[in-house]
Amino acid sequence: MLAKRIIPCLDVKDGTTVKGIHFVNFRDAGDPVELGAGYSRMGADELVYLDITASHEGRKTFTELVKRVAAQISIPFTVGGGINELADVERLLNAGADKISVNSAALRRPQLIDEIAHNFGSQVCVVAIDAKHEADAWICYLNGGRIPTAKQLLPWAEEAAQRGAGEILFTSMTHDGVKDGYANEALAALADRLPVPVIASGGAGTTAHFHDAFTLGKADAALAASVFHFGEINICELKRELQAQGVNVRLENESNYEL
């Protein structure tokens, strides 16, 4: 069985890591390169960097920051925000990113997923889905949670996987930042229906929430932000606790981890 992954997420706005609640009310969380390097030393399996206003502001994602991150960390990292065409993907991969996350652009033009998978391989393509639970349905949103669409979570995730997405990163806008746990029922539905890994995002507040995401939610990876950024949960200690509870996590280099 593949090991479950712990993934810190760094939402970047104006060159600074920020964290909000329900995608608004952001507060400063520190330098994204320093934070990423620290997480790598603590035992994070991967990192995700999201330029959270790129799509809304019509900008290209932060190439120079990606180069700085690549020079400082030794674990895989994914970059997203404002990626609209193959040239954007190529630019960011050349800057050092391992994977590319697409969200708004893929919703607007799903063929982008096919193009990325065909040209760079499915392993490069992460389709991020921001969805909110409304009237018994999970509605997908564009532009960092600003614009609702007609697409719903499960059908869109299935289409994305069929088009060549290598992973689905599902963020529950309903759970984001409130630290009450992940959207485990929706995660389990995704895991049961998709042939690709599912990354849980939105709602982490305790170590128990990670355990639930992996067991009840059947997620392959769990992503979190504020609990790591503000020192509420230490990644190495989290992994030790998960392992003690029977969750398969990577701890092979534990002696090198920073607590």
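As the structure is a computational prediction, the values presented were derived from the model and not from experiment. (Residues numbered from 1 in each chain as written. Predicted model: local features only at pLDDT ≥ 70, side-chain atom pairs only at ≥ 80, totals over all residues. Heavy atoms only, no water.)

Notes on the overall build of the protein chain
Next up, step 1: When helices and strands are tallied, the protein chain shows 11 helices and 12 strands.
Next up, step 2: The buried share of the protein chain, reckoned over its 259 residues, is 58%.
Next up, step 3: Only carbon and sulfur atoms are counted for the fraction: they give 47% of the accessible area of the protein chain, which is about 10,800 Å². (Helix = DSSP H or I, 4+ residues; strand = E, 2+ residues; numbered from the N terminus. Buried < 20%, exposed > 50% of the residue type's maximum accessible area, 1.4 Å probe, protein only. Areas by Shrake-Rupley, 256 points an atom, 1.4 Å probe, with all protein chains shown as cover.)

So, the packing of helix H3 (residues 63-72) against helix H4 (residues 86-95)
Next up, step 1: At a closest axis distance of 8 Å, the pairing of H3 and H4 adopts a crossing angle of 30°. For the element pair H3 / H4, the angle class is roughly parallel. Two secondary-structure elements touch here, H3 through Thr63, Val66, Lys67 and Ala70 and H4 through Arg91, Leu92 and Ala95.
Next up, step 2: Considered class by class, the residues forming the contact of H3 with H4 number 4 nonpolar, 1 polar and 2 charged. (Axes fitted to C-alpha atoms, helices over the stretch in contact; angles between N-to-C directions. Parallel < 35°, antiparallel > 145°, perpendicular 65-115°, else oblique. Contact = heavy atoms within 4.5 Å. Nonpolar A, V, L, I, M, F, W, Y, C, P; charged D, E, K, R; others polar.)

Points about the pattern of salt bridges
Next up, step 1: Within the structure shown, the criterion is met by 16 salt bridges.
Next up, step 2: When the shortest N-O distance is used, the salt bridge between Arg91 and Asp88 registers 3.0 Å. One end of the pair is Arg91 and the other is Asp88, both in helix H4 and 3 residues apart, which spans about a single turn.
Next up, step 3: Beyond isolated ion pairs, a larger network of salt bridges with shared partners links Arg5, Glu46, Lys99 and Glu167. (Salt bridge = Lys/Arg side-chain N within 4 Å of Asp/Glu carboxyl O.)

Details of the environment of Gly96
Next up, step 1: Along the polypeptide, Gly96 turns up in the loop between H4 and strand S6 (99-102).
Next up, step 2: The spacing of Gly96 and Val66 is 30 residues in sequence and 6.5 Å in space, taken between C-alpha atoms.
Next up, step 3: Not counting chain neighbours up to four residues away, the residues in contact with Gly96 comprise Val66, Ala70 and Phe77.

A short note on the nonpolar core
Across soluble globular proteins, nonpolar side chains have a tendency to be buried as a group.
Next up, step 1: Among the nonpolar cores identified, the biggest contains 72 residues, and Val127, Phe210 and Phe228 are the most heavily contacted of them.
Next up, step 2: Ranked by residues supplied to this core, first place goes to helix H7 (residues 153-163) with 5 residues.
Next up, step 3: Leave out the neighbours within four places in its chain, and Phe228 touches Ile6, Ile7, Pro8, Tyr39, Phe210, Ile233, Ile235 and Leu238.
Next up, step 4: Membership of the second largest hydrophobic core comes to 10 residues, among which are Cys9, Val48, Val126 and Leu223. (Core = buried A, V, L, I, M, F, W, Y, C linked by side-chain atoms within 4.5 Å.)

Notes on empty space enclosed by the protein
Next up, step 1: Inspection of every chain in the model, using the stated rule, returns 2 cavities of 30 Å³ or more.
Next up, step 2: In this model, the second largest cavity occupies a volume close to 40 Å³.
Next up, step 3: Around the second largest cavity, the lining residues are Ile7, Glu46, Val48, Thr78, Lys99, Val126, Glu167 and Ile199.
Next up, step 4: Of the residues assigned to the lining of the second largest cavity, the class counts are 4 nonpolar, 1 polar and 3 charged. (1 Å grid on protein atoms, 1.4 Å probe; cavity = no way out; pocket = protein on both sides within 12 Å on 5 of 7 lines; lining within 4 Å. Points joined across faces, edges and corners; volume = space filled by probe spheres on them.)

A word on H4
Next up, step 1: Burial in H4 covers these residues: Asp88, Val89, Leu92 and Ala95. An end-on view of H4 places all buried positions within 130° of arc, on one side of the element.
Next up, step 2: The elements touched by buried residues of H4 are H3, strand S5 (77-80), S6 and helix H6 (111-120).
Next up, step 3: Remark: Gly96 follows H4 within two positions and exhibits a positive phi of approximately 125°. (Arc of directions from axis to C-beta.)

Description of the layout of surface pockets
Next up, step 1: Approximately 160 Å³ is the volume found for the second largest pocket.
Next up, step 2: Lining the second largest pocket we find Met1, Leu2, Ala3, Lys4, Arg5, Lys99, Glu167, Pro197, Asp220 and Arg250.
Next up, step 3: Here the residues of the lining of the second largest pocket are counted per class, giving 4 nonpolar, no polar and 6 charged.

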